[in-house]
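Per-entry structural report
Here is what each chain is made of, one letter per residue.
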Amino acid sequence: MTQHIVSGAFPFSAIVGQDEMKQAMILTAIDPGIGGVLVFGDRGTGKSTAVRALAALLPPIQAVEGCPVNSASPEQCPDWAEIGSKNVISRPTPVIDLPLGVTEDRVVGALDIERALTRGEKAFEPGLLARANRGYLYIDEVNLLEDHIVDLLLDVAQSGENVVEREGLSIRHPARFVLVGSGNPEEGELRPQLLDRFGLSVEVTSPKNIDARVEVIKRRDAYENDNGPFMQHWRLQDSALRQRIVAAKQALPLLKTPDSTLRDCAELCVALGADGLRGELTLLRAARAQAAFDGDAVVSRVHLSAVAPMALRHRLRRDPLDEAGSATRVARAVDDLFGPQRAAAE
Amino acid sequence: MMLPPLDPWARALLVLRLLHVDPVGLGGLWLRARPGPARAAFSAQLASLPLAQTRIHPGIGDTELYGGLDLSATLGAGRLILRAGLLAEAGVLTLTMAERCPPGLAARLGQTLDARGCALIAMDEGAEPDEQLPAALADRLGLFLCLDDLPLAAVSETISGDFNAARALLPHVVLPATVLADLAITAAALGIGSLRAPLLACVAARAMAALNGHDTVQPEDAQRAVELVYAHRATVFPEPEEPQQEQTEQEPEPPQDDTDQGQSDQMDIPEEILLEAALAALPRDLLAQLAAGQSTRATANSGTGAARKGNRRGRPLPSRPGRLDGRNRIDLVATLTAAAPWQPLRRAQAPHHAALHIRPGDIRVKRFQETSDRLLIFVVDASGSAAMARLAEAKGAVELLLAEAYARRDHVSLIAFRGEGAELLLPPTRSLVQTKRRLAGLPGGGGTPLAAGLKAAMEVALQARARGMTPSIALLTDGRANIALDGTANRALAGEDATRMARVLCAQNTPALVIDTGKRPADALRDLAVVLNGPYIPMPRADARKLSVAVGAALDA
């Protein structure tokens, strides 16, 4: 019986602390090519709140009106969609929720039962993957997702295309999306293949600082009971942040990446024994996004060390005897490699 | 001033009143009670809640929860008929047998609760302490009530009255910033990590104030809220530390902007009183546990996938009526059998329909018992000391265990450690002959790299778990580790390494047991078994058969 009208998601800027998580979200908003964020951590630390708030930060995209896969131009629209309009309109970047209990049909799309039953036509009803094209796909409690859905997602994430061959339908459409997941590691592990799909990974813990905790409760209480003024205040901050993100997006192609930075990337990954080359690539992209966000013209060690933990944490071989956790291992390697520079920067 | 703690039934009534005032805001209630007169009396009172009530069970499917296509109605009517899910229309959901709620359902309900979609009453009938509501739900439900051990005699009055006034007052209740801060501090002092707890306490305090007709939350309102919301969440026994009190004394000092001075004097609830209120409401045994410094969360469940994911599809069970939701497989024969008796009747009803008449109610789905295979990892000490004394005996014991494992269709794996490291002699297998051959050829001699042996075992265990097996470790050794993980002969370091490895194994919830094959029981091994959280079985001159019985009992437990 909440009589208060609570409108809109909790604003991103109003989230207290959790700087790493916020940083990761901002980086992925600047450069979707980083490949999404995985947020793992304790209950009640604002994981879902942050992801839902992300939508407000994303710059709008240009898409054909009414296109189920958000095509950028009319000629890219799939022919099965039967779109009448050729207008390209600006619409918010899609952030699609993938609920846990989702069926395969809902994810990949299926025969449009309504049209099949009522008009006897064979038509394709696009699923969540279509709607998430050029946007974000958010999975809450990602570690509890059913295995067959995970297989599906891995397959599509790999190819960037969704192929439907079922019920006499034969359809393919682009499905390029950024995965954003959250979960609580106590409830189950994530499959390594899926883990690898996330560009950045952050761990969140409940704030230990009493003042921070009090502040969290205060803001949440204001959000629920004094919504109007609260939203007004924080929306301004959110829009300032969004402008910064848009500016960073524009600055991104102009950034200079010296060879020494590439070398640093490689050295860091070798020192940590990260599997594959995806670590280096993600690290570099994240560092570039960070540099763009900071307004710097050249990507340097400062940016590398700022993003190294979140880009590499989940790519390390697990060392069971190292109780410190992989974040500390990354930080240690960063200190070993770029120690003096980092100290100078701080 | 501190209110006396409530007696159980008064507490139950207060919970009911709060639920009447703000059920959705509070998330709901975790009711831990076995069926009995007290629970029946309480449930009867629950029926008077102002919202629509729906009962759900842990096996409920997504179609029921979220709605979907109503296939039979659609086919009957010839147009699309969708059925709304329970979550769409529910006011209050009552989840029966909540202790059996699977994590997937808990996550779905949690998402609904986060969206303030409904209130949930979780009827937890768990008998054992580890049969509990999933933590994902327990965290989101504001109130907790335990009605076990409450005799019918204690059930006296019932709630009555009109809560409309309180409900009308609720939006106007002011929660002073100092009270809010105190609630947050109290939660931190009780070791409650989740920030949902203080938020729920704020909601409860507001509801409490509305119930008492206060337009500002009074100290006693906050105190009751703490009692109801924090007591079952506490994980540490707060130390009456000086720095903490200093902090709270500083807290009210900066003049809060929104409360005027006269009120804020009155509002100063010393945080200790809130803390005491929570402590007074703690269950007695919990208090003892906390005081002993033991965390109640020691028995964290080992993740969801491991136990249920079989690497084979398991033994088929009798099929049962069900719905084809894309995950079930139809049992065609059983479905036809179920439909067969009705054919003449149905044919009479629909004569133009020539084929078989099968209705949704006839559908039978296949079920499998998905037990995951067990893997027994033997970690055998083949060092010089053991080889001299009892390697033969240990081999005999392992052979007997092997025979038993074979009879139970368990997988076995064999790791030997000696000299400077451990060697995986046999990867997980079911072949008894092969195991016996490898075991017979097991050479002895060298140092005791216990940590290396445990590490090898852990690697096998992790791999096995990833393949859906349930590993357990049997460690057979005669004494102290003297080779460290890096291969150096350093007794102190070796012992330390072994203990660290054991701690990691224990943290991964791998069941293990230690069999001491030495001439006399070694204290170091006993300590190791404590770290591993497994049984310690000394084998002073015991025969292999006795050992096998002991191991079987320990691993089955």
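Given the structure is predicted, the values throughout are model-derived calculations rather than measurements.

Basis of the calculations
Residues numbered from 1 in each chain as written. Chains lettered and ligands numbered in written order. Predicted model: local features only at pLDDT ≥ 70, side-chain atom pairs only at ≥ 80, totals over all residues. Helix = DSSP H or I, 4+ residues; strand = E, 2+ residues; numbered from the N terminus. Rg over C-alpha atoms; globule rule 2.2 N^0.38 Å. Buried ≥ 20, exposed ≤ 12 C-beta atoms within 10 Å, placed from the backbone. Contact = placed C-beta atoms within 7 Å. Domains from an automatic or database assignment. Nonpolar A, V, L, I, M, F, W, Y, C, P; charged D, E, K, R; others polar. Axes fitted to C-alpha atoms, helices over the stretch in contact; angles between N-to-C directions. Parallel < 35°, antiparallel > 145°, perpendicular 65-115°, else oblique. Left-handed = near helix turned anticlockwise from the far one by under 90°. Expected span 1.5 Å × (residues − 1). Pairing = 2+ DSSP bridges. Core = buried A, V, L, I, M, F, W, Y, C linked by C-beta atoms within 7 Å. Right-handed = clockwise from strand over helix to strand, strands pointing away. pLDDT = per-residue confidence, 0-100. Arc of directions from axis to C-beta.

1. Section: the overall build of chain A
When helices and strands are counted, chain A shows 13 helices and 11 strands. Against the 2.2 N^0.38 benchmark of 20 Å for 346 residues, chain A shows a C-alpha radius of gyration of 21 Å, consistent with a compact globule. Its C-alpha atoms give chain A principal-axis dimensions of about 70 × 50 × 40 Å. Every one of the 346 residues in chain A was classed for burial, and the buried ones make up 45%. Contacts spanning at least 24 positions in sequence make up 75% of the contacts within chain A whose residues lie at least 6 apart.

2. Some thoughts on the overall build of chain B
A count of helices and strands for chain B gives 25 helices and 15 strands. Looking at chain B residue by residue over its 557 residues, the buried ones come to 41%. Contacts in chain B between residues far apart in sequence, at least 24 positions, make up 78% of those at least 6 positions apart.

3. What about the domain arrangement of chain A?
All names here are of chain A. Per the domain assignment, the segments making up chain A are domain 1 (12-204) and domain 2 (255-345). Computed over C-alpha atoms only, the centres of domain 1 and domain 2 are separated by 28 Å. Contacts between the two partners involve 18 residues from domain 1, matched on the other side by 15 residues from domain 2. Elements supplying a minimum of two residues to the side of domain 1 that touches domain 2: α1 (19-30), α7 (192-197) and β11 (200-204). The element that contributes the greatest number of residues to the side of domain 1 that touches domain 2 is α1, accounting for five residues. For the side of domain 1 that touches domain 2, a count of residues per class yields 10 nonpolar, four polar and four charged.

4. Regarding unusual backbone geometry
Residues other than glycine predominantly adopt negative phi, and peptide bonds predominantly adopt the trans conformation. Residue and element names in this part refer to chain A. Unusually for a residue other than glycine, Q18 sits at a positive phi of about 50 degrees. You can see Q18 is positioned in the segment before α1. A count of 24 C-beta atoms within 10 Å places Q18 in the buried class. At E141, a position not held by glycine, the phi torsion is positive, near 50 degrees.

5. Points about the packing of helix α9 (residues 177-189) of chain B against helix α10 (residues 196-211) of chain B
How two helices pack is summed up by the angle between their axes together with the distance between the axes. Residue and element names in this part refer to chain B. Interaxial distance between α9 and α10 falls to 9 Å at its minimum, and their mutual angle equals 135 degrees. In terms of their interaxial angle, α9 and α10 are classed as oblique. Crossing of α9 over α10 shows right-handed handedness. Touching V179, L180, L183, A184 and A187 of α9 are A197, P198, A201, C202 and A205, all from α10. Of the residues belonging to the contact of α9 with α10, the class tally is 10 nonpolar, no polar and no charged.

6. Some thoughts on α10(B)
For α10(B), built from 16 residues, the straight-helix expectation of 22 Å at 1.5 Å per residue is met to within 8% by its first-to-last C-alpha distance of 22 Å. One or two residues past the end of α10(B) sits B:G213, with phi positive at roughly 75 degrees.

7. A short note on the sheet that holds strand β10 (residues 374-381) of chain B
All names here are of chain B. Read from one edge of the open sheet, six strands run β12-β11-β10-β13-β14-β15, paired in mixed fashion. Both edges of this open sheet fall to β12 (421-429) and β15 (536-538), since each of them pairs with a single strand only. The sheet shows a mean angle of 15 degrees between the axes of neighbouring strands, taken without regard to direction. In terms of strand pairing, strand β11 (residues 411-418) meets β12 through six bridges, oriented antiparallel. Directly across from A416, in β12, lies its bridge partner E423.

8. Points about the sheet that holds strand β4 (residues 95-97) of chain A
Residue and element names in this part refer to chain A. Strand order across the open sheet formed by five strands is β4-β7-β10-β1-β11, with parallel pairing between neighbours. Two strands close off the open sheet at either side, each with one partner strand: β4 and β11. Ignoring strand direction, the axes of neighbouring strands in this sheet form an average angle of 15 degrees. Pairing of strand β7 (residues 135-140) with strand β10 (residues 177-183), which is carried by six bridges, proceeds in the parallel orientation. Along β10, the bridge assignment pairs G135 with F177.

9. What about the domain arrangement of chain B?
Size of an interface, as often reported, equals the accessible area lost when the parts are brought together. What the domain assignment reports for chain B is domain 1 (1-161), domain 2 (165-296), domain 3 (315-369) and domain 4 (374-556). A separation of 33 Å is found between the C-alpha centroids of domain 1 of chain B and domain 3 of chain B.

10. A short note on the environment of B:L439
Residue and element names in this part refer to chain B. Note that L439 resides in helix α21 (residues 432-440). As for L439 and I415, which are separated by 24 residues in sequence, their C-alpha atoms are 9.7 Å apart. If sequence neighbours within four positions are ignored, L439 has contacts with K395, V398, E399 and L414.

11. Comments concerning the nonpolar core
Within the largest apolar cluster, 174 residues are counted, with the highest numbers of intra-cluster contacts made by A:L283, B:A122, B:A201, B:A204 and B:A205. Broken down by element, this core gets its largest block of residues, 13 residues, from α10(B). In contact with B:A205, other than residues within four places in its own chain, are B:L175, B:V179, B:L183, B:V217, B:D221, B:A222 and B:A225. One finds B:I415, B:L426, B:A451 and B:M501 within the second-largest nonpolar core, a separate group that totals 53 residues.

12. Quick look at the pairing of strand β5 (residues 92-95) of chain B
All names here are of chain B. Burial along β5 is two-sided: the residues V92 and T94 and L93 and L95 are all buried. For strand β2 (residues 53-56) and β5, the ladder comprises four bridges, and the chain directions are parallel. Pairing of R55 across the sheet is with T94, part of β5. Remark: the β5/helix α6 (residues 103-114)/strand β6 (residues 119-124) crossover connection has right-handed handedness.

13. Quick word on the confidence of the model for chain A
Residue and element names in this part refer to chain A. Per-residue pLDDT for chain A averages 81, and the proportion of residues at 70 or more is 92%. Here residues 1-5 is modelled with pLDDT under 50, and outside its nearest four sequence neighbours on either side it reaches 14 contacts, counting other chains as well. In this model residues 341-346 is a low-confidence stretch, pLDDT under 50, and it forms six contacts with partners more than four residues away in sequence or in other chains.

14. Some points on the environment of B:R409
All names here are of chain B. Within the secondary structure, R409 is located in the loop between α20 (391-407) and β11. On the basis of neighbour counts, which here come to 9 C-beta atoms within 10 Å, the residue R409 falls in the exposed class. For the pair R409 and Q463, spaced 54 residues apart in sequence, the C-alpha to C-alpha distance is 19 Å.

15. Concerning the confidence of the model for chain B
Residues and elements named next belong to chain B. Scored by pLDDT, chain B has a mean of 75; 77% of the residues are at 70 or more. In this model residues 240-268 is a low-confidence stretch, pLDDT under 50, and it forms 24 contacts with partners more than four residues away in sequence or in other chains. Taken together, the stretch residues 289-312 has pLDDT below 50 and engages in 38 contacts with residues farther than four places along the chain or on a different chain. Interface confidence in the predicted complex, given as ipTM, is 0.76; pTM for the same model is 0.70.

16. Comments concerning helix α23 (residues 491-507) of chain B
Residue and element names in this part refer to chain B. Helix length check: α23 (17 residues) gives 24 Å between terminal C-alpha atoms against 24 Å at 1.5 Å per residue, within 8%. Residues of α23 that are buried include every one of A494, D497, A498, M501, A502 and L505, and no others. Buried residues of α23 fall within an arc of 135 degrees about the axis and therefore sit on the same side. Turned more than 90 degrees away from the buried face of α23, the exposed residues are A492 and A507. Structurally, α23 contributes buried residues whose contacts are with α22 (450-466), β13 (470-477), β14 (512-516) and α24 (523-532).

17. Description of the environment of A:F124
Positionally, A:F124 belongs in strand β6 (residues 124-126). Contacts of A:F124, omitting those with residues within four sequence positions, involve A:W80, A:G109, A:D112, A:L169 and A:I171.

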